[in-house]
Structures are given as C-alpha cells and as structure tokens.
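So you can see what is in the structure, the chains are spelled out below.
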Amino acid sequence: MTKFIEQLNDEQLKEVKRQLAIYSQGTKEIIPTEELGMKIAKSIIKNKPLKIKLGLDPSAPDVHLGHTVVLNKLRQFQENGHIIQLIIGDFTGKIGDPTGKSTARKQLTEEEVQHNAKTYFEQFAKVINMEKVELHYNSKWLSKLNFEDVIQLAGKITVARLLERDDFEERIAFGKPISLHEFFYPLMQGYDSVELECDIELGGTDQHFNILMGRHYQEKFGKEKQVAILMPLLEGLDGVEKMSKSKKNYIGIDESPQEMYGKAMSIPDELMSKYFELVTDFTPEQIQSIREQMASGSLHPRDAKMLLGKTIVRMYHGFEAAEKAEHHFISVFQKGSMPDNIPVMEWKGSKEASIVELLVGLHMLSSKSEARRMIENNGVKVNGDKVEDPQFHFAITDGLIVQVGKRKFVKIKI
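Definitions and cut-offs
Residues numbered from 1 in each chain as written. Predicted model: local features only at pLDDT ≥ 70, side-chain atom pairs only at ≥ 80, totals over all residues. Heavy atoms only, no water. Helix = DSSP H or I, 4+ residues; strand = E, 2+ residues; numbered from the N terminus. Buried < 20%, exposed > 50% of the residue type's maximum accessible area, 1.4 Å probe, protein only. Contact = heavy atoms within 4.5 Å. Expected span 1.5 Å × (residues − 1). Salt bridge = Lys/Arg side-chain N within 4 Å of Asp/Glu carboxyl O. pLDDT = per-residue confidence, 0-100. Axes fitted to C-alpha atoms, helices over the stretch in contact; angles between N-to-C directions. Parallel < 35°, antiparallel > 145°, perpendicular 65-115°, else oblique. Phe/Tyr/Trp six-rings, centres within 6.5 Å; stacked < 30°, edge-to-face > 60°.

> Report on unusual backbone geometry, specifying residues and quantitative values.
Along the chain, Ile 31 connects to Pro 32 via a cis peptide bond; the corresponding omega equals -15 degrees. Non-glycine residue Lys 248 carries a positive phi angle of around 55 degrees. Secondary-structure assignment places Lys 248 in the loop between strand S6 (227–231) and helix H12 (257–264). Classification of Lys 248 by relative accessible area gives exposed; the value is 70%. Residue His 363 is not a glycine yet carries a positive backbone phi of 60 degrees. As for its position among the elements, His 363 is in the loop between helix H17 (355–361) and helix H18 (368–376). Its relative accessible area of 66% is what places His 363 among the exposed residues.

This is the structure:
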C-alpha cells in the first residue's frame, strides 16, 4: 500500500490530505489512520472509488440526529465520489445484535425487517443520495451457507476473542445467559465485509467489536483489510444519556421545523461544539471558526444555538422553513406572544374540571402525577397565565388556550 503514496504528485498528495481531514473530522477512532490515507491514495492512483460499508439491523426505523452522525460521514465520502454500501441485515436482523444488551434481543420476522428497511430508506434520503447507494441484503449470501460453511466460519475465531465483548463479559459476570446463536452475529457481520470486499466500515463506538470482525475475517480469507471508522455517540438534549427515542431526549429528522428548532434551543451549552461538528454540514474550517468565536465570547451561546437550530431545520426542511422556524421561536419564546397556528382539540369532558384532569384529558401529559409535577415546576399556563396550584378548578370554555412547557399549545373547542 505504501507504494501508492510514493506515486502521488504534489496535487494528488494535497487531495489525499484534504479528504483525510474531512473524514477524520469528528471521529472517535480510525483503525488504523495510516491505512485510511493509503486507501485514499490508492483510489486516486487507480481512479477507483472506495467501498464504504454501513450495516443496518432494521429493528428501530425512527431516525434521529444521533443516527445522522454516521450518515453525515457517509455523505462526505459520497460527495468525494466513493461508493456507499448499505447492508440491510435481513438475515442477521432475525438474530438481533446483542450489542449493549443484557438479554438476547427479540428476533424479527421477514415482514418486520422489510417494513423497517423501507422506512430507513425514506429517512436516509434526507441525508445521503439514495440513488447512488448500493443496497445489499445479507441474506443473499448468508442464507446460502451450508452447515459445513458455518463450521469453517466459526473455526476462524476463538471463543476467548468473542468473550472480549463488553456486553458478553458483563452478562457472564452477572450470571445472565448467553444464547449460542448470539455468538454468530459478529461472525456474520464480519463475513459481510468479506463478501462485498469493503474498504472502510463506519459505525458508532458501540460497534467497535463488530466492525473489527470485518478486518479479522477479511484477513482470514486473504482479502485486503478494511479500515474501521468509529463515530462518537451523541448525547441527547439532557446532556447525559445517548440520544434515544425511549429516553425522550432526541430530535427526530421527521419532526416539524418548529419542533426541531425549539428542541435545538434546549441543547446544553457545553455540547454546542460537538453538535456543530457531528450533525451539521459545515466544513472543518467553519466549525473551527465557530469554536474560536464561542471561546472568545464574540459569539454568544444563545446566538450559536440559534445558528445550530436554523442549520438543522435547513438541512431537513429547507431554507424557507428554517427562516419561519426561527421567526416563530423569536416571536413566541423570546417575545412571549402566542403562535399563529395552535392545534385545536375538542373537549368532551365536563364543563368544569381541574387543571390536572384537563392536561391528561387533552393528552398534553401522560399521567396525573406528571401533570402535577409540571404545574409545580411552573410549566403550565392557561390563556397566558401561569397555573401554580395542581388543585385549581375552572370552567372550560370554547377557545381556551392551554400551554405546557415552552412549545406545546392546545386551543380547546367545546
């Protein structure tokens, strides 16, 4: 591989460094970095695009900004002419990736896999050009392996190596069972890289073990080893937990422009730099400039957050929607006015009710205890007036406006 570096002229060497800087931006780890540079050089000398792999186990098809950390990196490779290989784990998905799980995962049906994969494609199209993506279903090759093939595949890895996985180690330590079929998930993911002769595989840091299996098996099968690019896991709006729909700390890429912008304004200040780097389409130079401005104080955290919110909305809904979302936020949350288009909900309950009953009945909060907590935290208003007493009773009238938090409004229709 070093011979390709030696063949580069000055212009080509500059191009290698340019691409390497882009692909290195925001990464947690590149294994190994020097091989990535060599692969880029080889691609330039031979005028042959690199094959960039992302494996998908389609079990949770709702895409949020946490997922786009890897997708944005794919887009960078795609913009430089390289080939994106999306591998849909329709075979492995029936087993379930044990990564980060304390128990075996639910195995998916064929129908569930196909439905979830279709949903992925629709959402991914907002980040990468799906018309220029190679789509592969790993059942195409894995379903053809006979029992002898599987035994030979298993013979190329030791049990000790498989037990190095953090989740397996933890389950053994706590006496939790590990089913034999779970050992085969990383083997099959590694074999995917052999079959498609991938140059690079992308994934989050939680996929470290699985992605290195690709390098392991490519070497065992006499193939050129892929480079592993591991992206950091994005903390959610709480600033602590990984972004997750179950944690309710996420920004979904299918959410409305106003919801996206409003949620972006709640991102903790200390995560601003990370969000600019991982979820926007800014160049490394633009990101460095923003960091320097924030560090010097010339860019106020509020203004940086507004720029981030506007950028996120622009990326998924366009410039016009981003302008409107920003205007809505300024008018409603900075100036304190009511939004123009408040959703209307019919009230079928009694003409007089407690504020807690009203909030739950309108489905603005999921339980009475949650409603009481929100009131006690000064998060509920009726017609713009703060409600401080959870026992508050009042007459329900047509056109009454109920507000929960900063972004949730409902106008009552009798």
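> Tell me what's going on with the environment of Glu 29, and back it up with residues and numbers.
Positionally, Glu 29 belongs in strand S1 (residues 29–31). You can call Glu 29 partly exposed: its relative accessible area is 37%. For Glu 29, the residues in contact, after removing those within four places along its chain, are His 208, Ala 228, Ile 229 and Leu 230.

> Explain helix H3 (residues 33–46) to me, and be specific about the residues and the numbers.
Each full turn of the α-helix corresponds to 3.6 residues, which orients residues three or four apart in the same direction. Helix length check: H3 (14 residues) gives 20 Å between terminal C-alpha atoms against 20 Å at 1.5 Å per residue, within 8%. Those residues of H3 that sit buried are Leu 36, Gly 37, Met 38, Lys 39, Ile 40, Ala 41 and Ser 43. In the segment just after H3, Asn 47 is the residue with positive phi, at about 55 degrees.

> I'd love a proper account of the pattern of salt bridges, names of residues and values included.
Applying the stated criterion to the full structure yields 24 salt bridges. Lys 225 is the salt-bridge partner of Glu 219, the closest N and O atoms lying 3.9 Å from each other. Its relative accessible area of 49% is what places Glu 219 among the partly exposed residues. Residue classification places Lys 225 among the partly exposed residues on the basis of a relative accessible area of 27%. Among the ionic pairs, Glu 320 bridges to Lys 324, the shortest N-O distance being 3.3 Å. One end of the pair, Glu 320, and the other, Lys 324, are both in helix H16 (residues 319–334), four residues apart, so they sit about a helical turn from each other. One exposure class covers both Glu 320 and Lys 324, and it is exposed. Among the charged side chains, a network of salt bridges with common partners joins Lys 39, Lys 42, Asp 199 and Glu 224.

> Before we move on, can you summarise the confidence of the model for the chain with the specific residues and values?
As a note on interpretation, predicted positions should not be read in detail where pLDDT is low. Summarising the model, the chain shows a mean pLDDT of 88, and 93% of its residues fall at 70 or more. Mean pLDDT values over the elements of the chain span from 76, in helix H1 (residues 2–7), up to 97, in S6.

> I'd like a rundown of the packing of helix H7 (residues 147–154) against helix H10 (residues 180–196), residues and numbers included.
Look at H7 against H10: their axes get within 11 Å of each other, and the N-to-C directions meet at 95 degrees. Comparing their axes, H10 and H7 come out roughly perpendicular. Contacts between H7 and H10 involve Val 150, Leu 153 and Ala 154 from the first element and Phe 184, Leu 187 and Tyr 191 from the second.

> How would you explain the packing of aromatic side chains if you had to name every residue and give the values?
All told, the structure shown has six aromatic pairs when counted by the stated rule. Aromatic pair Phe 168 and Phe 183: ring centres 5.2 Å apart, planes at 65 degrees, arrangement edge-to-face. Here the residue Phe 168 occupies a position in helix H9 (residues 166–173), and Phe 183 occupies one in helix H10, the gap between them amounting to 15 residues. When its relative accessible area of 15% is taken as the criterion, Phe 183 is described as buried.

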